[in-house]
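Examining the three-dimensional arrangement
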Amino acid sequence: MASYHLSVKTVKRSAGRSATAAAAYRSASVIECDREGRMHDYTAKRGVEACFILAPDDAPEWAQDRAALWNAAEARETRSNSVTAREWELALPSEISDSARIDIARAFAAQLVERYGVAADVAIHAPHREGDQRNHHAHILTTTRVLSAEGLTDKTRILDAASTGGPEIEAMRGYWAELQNHALELAGQEERVDHRSLEVQREEALSLGDTLKAEELDREPELKLGPAANAIERREQLTAEAEGRDYAPLTQRGARVHAVRQAKAIFVEMRERLELARDAWAEAREEGHGHVSAGLAALRAVAGRQAKELDQDEIKQRLARIAGRDLGANESAHDAGADAIRDRLKQVLGRDKPDPRIEQQRKLEEEREKQRQLELERQRVRDRDLGWEL
């Protein structure tokens with residue numbers, strides 16, 4: 001399933017890094033660093049699917065030369081603790097085509113260029129052969145100074161200042177989510193990404209009354225495995241698949257990531273089943289079926305065509321899975337599971353909500369009874385005044 005990731009890092013000279021080395025590595029190219037007097041040769045690196053440079057319209061021609069651009073960035077900074085480049089790391093949806101991934105990475109880089117007046121060096125990377133094969137991603141190195149016809153000029157202080165840097169990055173995070181969701185929609189995918197925190201998304205779901213979505217979001221954010229742990233877990237997955245057994249994570253970080261992914265998958269399946277059951281229930285009720293018939297229609301819709309062939313125990317088990325419960329072997333667990341199933345199905349199918357017509361009729365009868373009692377009371381008062389009261 002599509003997942004969101006955008007991180008912003010800096011290339012700091014104080015950390016022993018250089019913009020020339022970073023650019024050479026990410027583009028799998030060779031760059032000689034004039035400041036260091038070193039040759040950074042990463043031409044043996046594999047997995048770079050595309051790389052290109054975007055710059056403002058009035059930028060000098062040398063900005064399209066990767067070595068010239070980043071040597072200029074290094075030469076422009078004089079302090080030993082200077083930041084010579086900024087890196088935007090993006091996760092690309094695996095559900096869309098290679099060309100679509102390049103298009104949205106280019107669109108994001110173009111927005112960086114337009115918004116901040118910088119140059120952007122884009123490298124699209126394929127998943128590592130020993131890693132998660134959905135891990136398509138992009139590295140975008142941007143200059144920390146505005147690039148104009150005169151060359152690299154003013155620092156992009158709006159991204160450096162504490163008061164403006166956070167909101168600016170958050171705005172770009174939102175823009176990146178929009179680009180991905182548009183691409184997913186064009187590709188006919190139902191998946192969508194959200195750049196907001198899980199807590200914010202959960203609060204919104206609760207405000208909209210979507211308790212199932214809120215439960216789905218009540219979890220820890222997915223951790224990044226890292227190259228070493230990712231390689232270990234990937235090998236274990238392949239081994240488990242070859243041996244015909246279930247995959248069990250070997251590292252602590254891998255176990256946490258696996259648990260989060262399992263929880264997300266379970267909630268996705270539960271939501272699909274509940275929506276299917278709800279639609280079947282509503283359709284059956286509209287056609288005039290009673291509660292029992294509508295419930296059976298919902299069950300058949302979820303269980304599939306084989307529902308007629310299921311025995312009672314299997315039907316109960318399927319209902320339990322729909323409700324997100326696991327029936328126990330003993331009777332008490334069975335009763336608890338059955339109660340939970342009934343409660344969940346009532347919520348999903350709307351049986352816990354009174355029929356509007358019945359509710360209206362009940363209120364009308366209550367009003368009539370209230371008026372009748374008032375009339376009787378008035379009659380007793382008149383009888384008492386006339387001396388007719390017994």
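Below is a summary of the structure that appears in this document. Small disclaimer: the values here were computed from a predicted structure and weren't measured.

Let us look at the overall build of the chain. Counting secondary structure elements, the chain contains 13 helices and nine strands. Among the 390 residues that make up the chain, the fraction classed as buried is 39%. Excluding contacts between residues fewer than 6 apart, the proportion of contacts in the chain whose partners are at least 24 apart in sequence is 60%. A total accessible area of about 23100 Å² is found for the chain, and carbon and sulfur atoms account for 49% of it.

The interhelical angle for the contact between helix H1 (residues 19-27) and helix H2 (residues 66-76), taken along N-to-C directions, is 150 degrees, at an axis separation of 8 Å. As summarised for this structure, H1 and H2 are arranged roughly antiparallel, according to the angle between their axes. Crossing angle aside, the handedness with which H1 passes H2 is right-handed. In contact with Ala19, Thr20, Ala23 and Ser27 of H1, H2 contributes Arg66, Trp70, Asn71 and Glu74. Split into classes, the residues belonging to the contact of H1 with H2 amount to three nonpolar, three polar and two charged.

With that out of the way, let us pick up the packing of aromatic side chains. If you walk through the whole model with that rule in mind, you get four aromatic pairs. Ring centres of tryptophan 88 and phenylalanine 108 lie 5.9 Å apart, and the angle between their planes is 65 degrees; this geometry places the pair in the edge-to-face category. One end of the pair, tryptophan 88, is in strand S5 (residues 83-92); the other, phenylalanine 108, is in helix H3 (residues 98-116), and 20 residues separate them in sequence. The residues tryptophan 88 and phenylalanine 108 share a single accessibility class, namely buried. Their ring planes at 70 degrees and their centres at 5.5 Å tell us that phenylalanine 108 and tryptophan 176 sit as a pair that is edge-to-face. Taken together, the positions of phenylalanine 108 in helix H3 and tryptophan 176 in helix H5 (residues 162-186) put the pair 68 residues apart, joining distant regions of the chain.

On to the nonpolar core. Formed by 31 residues in total, the largest nonpolar core has its most connected members in Trp88, Phe108, Ile140 and Trp176. By residue number, the principal contributor to this core is H3, which donates eight residues. Non-local contacts of tryptophan 88, meaning those with residues more than four positions away in its chain, are made with Leu6, Ser7, Val8, Phe108, Leu112, Ala138, His139, Ile140, Thr142, Leu159, Ile169 and Met172. Within the second largest apolar cluster, 17 residues are counted, among which are Val11, Ile53, Ala85 and Leu147.

Bringing unusual backbone geometry into the picture now. The phi torsion at alanine 28 lies on the positive side, around 55 degrees, for a residue other than glycine. Along the chain, the position of alanine 28 falls in the loop between H1 and strand S2 (30-33). With relative accessibility at 17%, the residue alanine 28 sits in the buried group.

So, on to the pairing of strand S8 (residues 145-148). Sheet topology places S8 next to strand S9 (residues 151-155); three bridges connect them, and they run antiparallel. Counted as the bridge partner of leucine 147 is leucine 152 from S9. Hairpin remark: S8 followed by S9, antiparallel, with two residues in the connecting loop.

This brings us to a negative patch on the surface. Where like charges cluster on the molecular surface, the negative patch consists of Asp279, Glu283, Glu286 and Glu287. Relative to the helices and strands, glutamate 283 is located in helix H9 (residues 252-286).

On to the pattern of salt bridges. Proximity of charged atoms lets side chains of opposite charge pair with each other. As enumerated under the stated definition, the model contains 15 salt bridges in all. A salt bridge links arginine 35 to glutamate 74, with the shortest nitrogen-to-oxygen separation between them at 2.8 Å. With arginine 35 in the loop between S2 and strand S3 (38-41) and glutamate 74 in helix H2, this residue pair connects regions lying 39 residues apart in the sequence. Of the charged contacts in the structure, one is a salt bridge between arginine 66 and aspartate 121, with a shortest N-O distance of 2.8 Å. Linking arginine 66 in helix H2 with aspartate 121 in strand S6 (residues 120-125), this pair joins segments that are 55 residues apart in sequence. Grouping residues by exposure puts arginine 66 and aspartate 121 together as buried. Each of Arg13, Arg35, Glu36 and Glu74 takes part in salt bridges that share partners, so that together they form one network.

Rules of the game
Residues numbered from 1 in each chain as written. Predicted model: local features only at pLDDT ≥ 70, side-chain atom pairs only at ≥ 80, totals over all residues. Heavy atoms only, no water. Helix = DSSP H or I, 4+ residues; strand = E, 2+ residues; numbered from the N terminus. Buried < 20%, exposed > 50% of the residue type's maximum accessible area, 1.4 Å probe, protein only. Contact = heavy atoms within 4.5 Å. Areas by Shrake-Rupley, 256 points an atom, 1.4 Å probe, with all protein chains shown as cover. Axes fitted to C-alpha atoms, helices over the stretch in contact; angles between N-to-C directions. Parallel < 35°, antiparallel > 145°, perpendicular 65-115°, else oblique. Left-handed = near helix turned anticlockwise from the far one by under 90°. Nonpolar A, V, L, I, M, F, W, Y, C, P; charged D, E, K, R; others polar. Phe/Tyr/Trp six-rings, centres within 6.5 Å; stacked < 30°, edge-to-face > 60°. Core = buried A, V, L, I, M, F, W, Y, C linked by side-chain atoms within 4.5 Å. Pairing = 2+ DSSP bridges. Patch = residues over 30% accessible without salt bridge, like charges linked within 9 Å, V, L, I, M, F, W, Y side chains within 5 Å. Salt bridge = Lys/Arg side-chain N within 4 Å of Asp/Glu carboxyl O. Lys, Arg positive; Asp, Glu negative; His and termini not counted. Charge placed at Lys NZ, Arg CZ, Asp CG, Glu CD.

Function-wise, these values are silent; they only describe arrangement.
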